[in-house]
Amino acid sequence: MSDTYLQVTIVENEADMKKEILRKCDNDRDDCPVKDVLNRVGDKWSMLTVIMLSDHGTLRFNELHQLIDGISQKMLTVTLKMLEADGLLTRKMYAQIPPKVEYALTPLGESLVTPLMYLYDWANTHMPEIKASRERYEKAVAI
């Protein structure tokens, strides 16, 4: 096979894939997997929780609370419950007084770390361009 053929095939498959994603994620549909996942893990607290558990391993509630700057106890509780419901983390409770509860990523949760890190790297690489564009936009709108 020639390089040209492979490149055209890849582009055509990528285009088909994008069309399929757009078809499945039509605003009128509730079963879009991308929209569903992004709604659940796209918020900053879920992403930070997954990253902290990935970096530090198994953590207790208060340890997580201390690591995630700015999150309230209530929001951390809600975030942990959502991530547990989605199968991204496990909650292990020990029968002792005071109660001891530990959180850890599941294999599914671990598999989310790599895409999150790609997004993190992309954001860090392109943030200067994004900030400059925002400034140009604000100046243009203010006129």
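I will try to describe carefully the structure that is included in this document. Since this is a predicted model, take the numbers as computed values, not measurements.

What counts, and at which threshold
- Residues numbered from 1 in each chain as written.
- Predicted model: local features only at pLDDT ≥ 70, side-chain atom pairs only at ≥ 80, totals over all residues.
- Heavy atoms only, no water.
- Pairing = 2+ DSSP bridges.
- Helix = DSSP H or I, 4+ residues; strand = E, 2+ residues; numbered from the N terminus.
- Contact = heavy atoms within 4.5 Å.
- Axes fitted to C-alpha atoms, helices over the stretch in contact; angles between N-to-C directions.
- Core = buried A, V, L, I, M, F, W, Y, C linked by side-chain atoms within 4.5 Å.
- Buried < 20%, exposed > 50% of the residue type's maximum accessible area, 1.4 Å probe, protein only.
- Phe/Tyr/Trp six-rings, centres within 6.5 Å; stacked < 30°, edge-to-face > 60°.
- Lys NZ or Arg CZ within 6 Å of the ring centre and 35° of its normal.
- Expected span 1.5 Å × (residues − 1).
- Bend = angle between axes of the 7 residues up to and from the residue.
- Salt bridge = Lys/Arg side-chain N within 4 Å of Asp/Glu carboxyl O.

### Some thoughts on the sheet that holds strand β3 (residues 100-105)
With antiparallel pairing, the three strands of this open sheet are ordered in space as β1-β3-β2. Bordering the open sheet on either side are β1 (59-60) and β2 (89-94), each of which pairs with just one other strand. Against the sheet, helix α3 (residues 44-56) contacts β1, β2 and β3, and its axis sits at roughly 95 degrees relative to β3.

### Some remarks on the pairing of β2
Looking at chain direction, β2 and β3 are connected through six bridges and run antiparallel. Within the sheet, the bridge partner assigned to tyrosine 94 lies in β3 and is lysine 100. Once β2 ends, the chain turns through five residues before running back antiparallel as β3.

### Remarks on the nonpolar core
In terms of nonpolar packing, the biggest core is built from 23 residues, with Leu64 and Tyr103 touching the most fellow members. Listed by contribution, the elements that provide at least two residues to this core are α3, α4 (61-67), α5 (73-85), β3 and α6 (107-142). Here this core gets six residues from one element, more than from any other, and that element is α3. Ignoring any residue separated from it by four or fewer positions in sequence, one finds tyrosine 103 in contact with Leu53, Gly57, Thr58, Leu59, Phe61, Leu64, Leu80, Leu89, Thr90 and Arg91.

### Digging into the packing of aromatic side chains
Taken as a whole and assessed by the stated rule, the structure comprises zero aromatic pairs. A cation over an aromatic ring shows up here: lysine 100 above the ring of tyrosine 94, its NZ or CZ 4.9 Å from the ring centre.

### Quick word on α6
Between the first and last C-alpha of α6 there are 49 Å, a value that for 36 residues agrees with the 52 Å anticipated at 1.5 Å per step. The sharpest bend along α6 reaches about 55 degrees and sits at histidine 126, with the proline proline 128 one to four residues further on. Every buried residue of α6 is accounted for by Gly109, Leu112, Val113 and Leu116.

### Details of the pattern of salt bridges
Applying the stated criterion across every chain, the model contains one salt bridge. A salt bridge links lysine 100 to glutamate 102; the nearest nitrogen and oxygen atoms lie 3.6 Å apart. Using a relative accessible area of 22% as the deciding quantity, one classes lysine 100 as partly exposed. We classify glutamate 102 as buried; its relative accessible area is 18%.

### Some words on the environment of threonine 90
The topology assignment puts threonine 90 in strand β2. Residues threonine 90 and glycine 109 lie 19 residues apart in sequence; the distance between their C-alpha atoms is 9.4 Å. Ignoring anything within four residues of it in the chain, the contact list for threonine 90 reads Glu102, Tyr103, Ala104 and Thr106.

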